[in-house]
Amino acid sequence: MDFELSEEQHAFARTAREFANSEFAPHAARWDAEGIFPKAEIAKAGELGFCGLYAPERAGGLGLPRLDATLVFEEMAAVDPSTTAFITIHNMATWMLGTWGTDAVCARWGEELTSGRKLASYCLTEPGAGSDAAALKTRAELQGSDYLINGGKAFISGAGSTDVLVLMARTGAAGSGGISAFAVPADAPGVSYGKKEHKMGWNSQPTRTIAFDNVRVPADHLLGSEGEGFRIAMKGLDGGRINIATCSVGAAQGAIDAARRYLHERQQFGKPLAGFQALQFKLADMATELVAARQMVRLAASKLDRADPDASTYCAMAKRFATDVGFSVCNQALQLHGGYGYLREFPLERLVRDTRVHQILEGTNEIMRVIIARKLLEGDCELR
Ligand SMILES: Cc1cc2nc3c(=O)[nH]c(=O)nc-3n(C[C@H](O)[C@H](O)[C@H](O)COP(=O)(O)OP(=O)(O)OC[C@H]3O[C@@H](n4cnc5c(N)ncnc54)[C@H](O)[C@@H]3O)c2cc1C
């Protein structure tokens, strides 16, 4: 067992840090304030391979282990969790398309997506099917050589600004076994988008509902086989949960870095804040929890890389733990900044707003507990 990163892994992280500092840091506050989706900068991330980090090579991806992908996402999220989180969703959808897409689908979109020239959304949630995603009602019916899709999705990240929709729709009976996955052109006739949602955070990426009204897609746009869609969606989310957890770890690191600087700079009662032991202890606890969260995320990523049978359980644990820690550390770093932490001149309030949703999406943290407890009570997960 070796907990140290290799030289190559350090190099990935360094490249991502330099990229985020030059391309995200100067603009992240404005993108948040003005609701700008930075497609040009995302495409620049794509030039470095960051839009297809773990997508298979057949789709033009780098095919890297999940662990290596976390190193890149973490560095970018330390500067801008919102933009980075979208890039992780794009990576997840692109991996699904590259893994289960037909040759025709891969040829049509693979390299465009892995290069970041085109973007993908992941479309599972519906107005009536959130945590209970297997209850989704959007239908896809095979008619000749096309599927005809009708229904609607809610809360879709990037919707209205992306090019491909990785869509889960019902082709069979009720339940998870009746669901299939598709690659749908985002501008296909019959696809329409709702208003941009007004959100607490994640403002550098749009979130919208999507309606499908007699949308035709060729039968070869099915990912995998009929009935396999829910399994594909959950496989995507195993990695997605590591990614979101990583965005929380990165944001927490960014918040701790800011707090360390501030504790030295700010003077009260005739000395720097860093001189107060109550604040030193707070910082020590924040750092300890951050390291625990990071190690847990890397453990889950390495289990996924090794196709460990307990990987999904570890991904759920890592997502639950790291997103709770990430939000709490950002919030405490805001507290260490006093009133200034509440102002938009400092990044803390943005980090708090951006990390809050990580406890909700890609499966809420309650649903993570459902997944973990189920495995434990079935006696299937030994935890050692
Ligand atoms: C900004 C944002 C972006 C998103 N992006 C995407 C996206 O790109 N693609 C996509 O498909 N979805 C996306 N989502 C949707 C997200 O995954 C869902 O919001 C989430 O899964 C929860 O579903 P819900 O909102 O319907 O809440 P509900 O399922 O209605 O849950 C409400 C509350 O009840 C709790 N609860 C529900 N069932 C149980 C249970 N069995 N036991 C204990 N507690 C339970 C939940 O944890 C939650 O606290 C996004 C959401 C947001 C806010």
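Residues numbered from 1 in each chain as written. Predicted model: local features only at pLDDT ≥ 70, side-chain atom pairs only at ≥ 80, totals over all residues. Heavy atoms only, no water.

A. Layout of the overall build of the protein chain. On a plain count of helices and strands, the protein chain comes out with 11 helices and 10 strands. For the protein chain, the C-alpha radius of gyration of 21 Å lies close to 21 Å, the compact-globule estimate for 384 residues. Dimensions of the protein chain, computed from the C-alpha atoms along their principal axes, are close to 80 × 50 × 40 Å. The 384 residues of the protein chain split such that 55% are buried. In the protein chain, the share of contacts with a sequence separation of at least 24, taken over all contacts with a separation of at least 6, comes to 74%. Carbon and sulfur atoms provide 53% of the accessible area of the protein chain, an area that totals close to 16,200 Å². For the protein chain, the centre of its 41 positive side-chain charges and the centre of its 46 negative side-chain charges are spaced 4 Å apart. (Helix = DSSP H or I, 4+ residues; strand = E, 2+ residues; numbered from the N terminus. Rg over C-alpha atoms; globule rule 2.2 N^0.38 Å. Buried < 20%, exposed > 50% of the residue type's maximum accessible area, 1.4 Å probe, protein only. Contact = heavy atoms within 4.5 Å. Areas by Shrake-Rupley, 256 points an atom, 1.4 Å probe, with all protein chains shown as cover. Lys, Arg positive; Asp, Glu negative; His and termini not counted. Charge placed at Lys NZ, Arg CZ, Asp CG, Glu CD.)

B. Molecular detail of the domain arrangement of the protein chain. Split into domains, the protein chain comes out as domain 1 (7-114), domain 2 (120-227) and domain 3 (230-377). Counting from both sides, the interface comprises 15 residues of domain 2 and, opposite them, 14 residues of domain 3. Regarding the contact of domain 2 and domain 3, the summed buried area is about 1,100 Å², with carbon and sulfur atoms giving 73% of it. Three residues stand out in domain 2 for area buried against domain 3, namely Tyr-122, Met-200 and Trp-202, and they jointly supply 50% of the buried area on that side. At the junction of domain 2 and domain 3, the tally comes to 0 salt bridges. Summed over the shared surface of domain 2 and domain 3, the number is 4 residue pairs in polar contact (both at pLDDT 80 or more). For the side of domain 2 that touches domain 3, the residue count by class is 10 nonpolar, 5 polar and no charged. (Domains from an automatic or database assignment. Buried area = accessible area lost by both parts, 1.4 Å probe. Salt bridge = Lys/Arg side-chain N within 4 Å of Asp/Glu carboxyl O. Polar contact = N/O pair within 3.5 Å; in protein donor to acceptor, adjacent residues only side chain to side chain. Nonpolar A, V, L, I, M, F, W, Y, C, P; charged D, E, K, R; others polar.)

C. Region of interest: the site of the ligand. Taken together, 17 residues are adjacent to the ligand, and Thr-125, Ser-131, Phe-155, Thr-364 and Glu-366 come closest. Measuring from an oxygen atom of the ligand, one finds a backbone N or O atom of Leu-124 at 3.0 Å. At a separation of 2.8 Å, a nitrogen atom of the ligand approaches a polar backbone atom of Phe-155. Considered on its own, the ligand offers 970 Å² of accessible surface; in the complex 64% of this is hidden by protein. Taken together, the elements giving at least two residues each to the shell around the ligand come down to β3 (146-157) and α11 (365-378). A breakdown of the residues in the shell around the ligand according to their chemical character gives 9 nonpolar, 5 polar and 3 charged. (Near = heavy atom within 4 Å.)

D. Local environment of the nonpolar core. In terms of nonpolar packing, the biggest core is built from 55 residues, with Met-76, Met-96, Tyr-122 and Met-168 touching the most fellow members. When residues no more than four places from it in sequence are discounted, the contact partners of Met-76 are Ala-16, Phe-19, Ala-20, Phe-24, Phe-50, Thr-84 and Ile-87. Among the nonpolar cores identified, the runner-up in size contains 37 residues, and Ala-245, Met-286, Val-329 and Leu-351 belong to it. (Core = buried A, V, L, I, M, F, W, Y, C linked by side-chain atoms within 4.5 Å.)

E. Region of the structure containing helix α4 (residues 66-77). Along its 12 residues, α4 runs 16 Å from first to last C-alpha, staying within 8% of the 16 Å computed at 1.5 Å per residue. Buried residues dominate α4, accounting for 12 of its 12 residues. Listed in full, the buried residues belonging to α4 are Arg-66, Leu-67, Asp-68, Ala-69, Thr-70, Leu-71, Val-72, Phe-73, Glu-74, Glu-75, Met-76 and Ala-77. The inward-facing, buried residues of α4 contact α1 (7-24), α5 (81-100), α7 (229-265) and α8 (277-305). (Expected span 1.5 Å × (residues − 1).)

F. Structural context of the environment of Asp-2. Secondary-structure assignment places Asp-2 in the segment before α1. We classify Asp-2 as exposed; its relative accessible area is 61%. Along the primary structure Asp-2 and Lys-271 are separated by 269 residues, whereas in three dimensions their C-alpha atoms are 42 Å apart. At 2.9 Å, the side chain of Asp-2 forms a polar contact with the backbone nitrogen of Glu-4.

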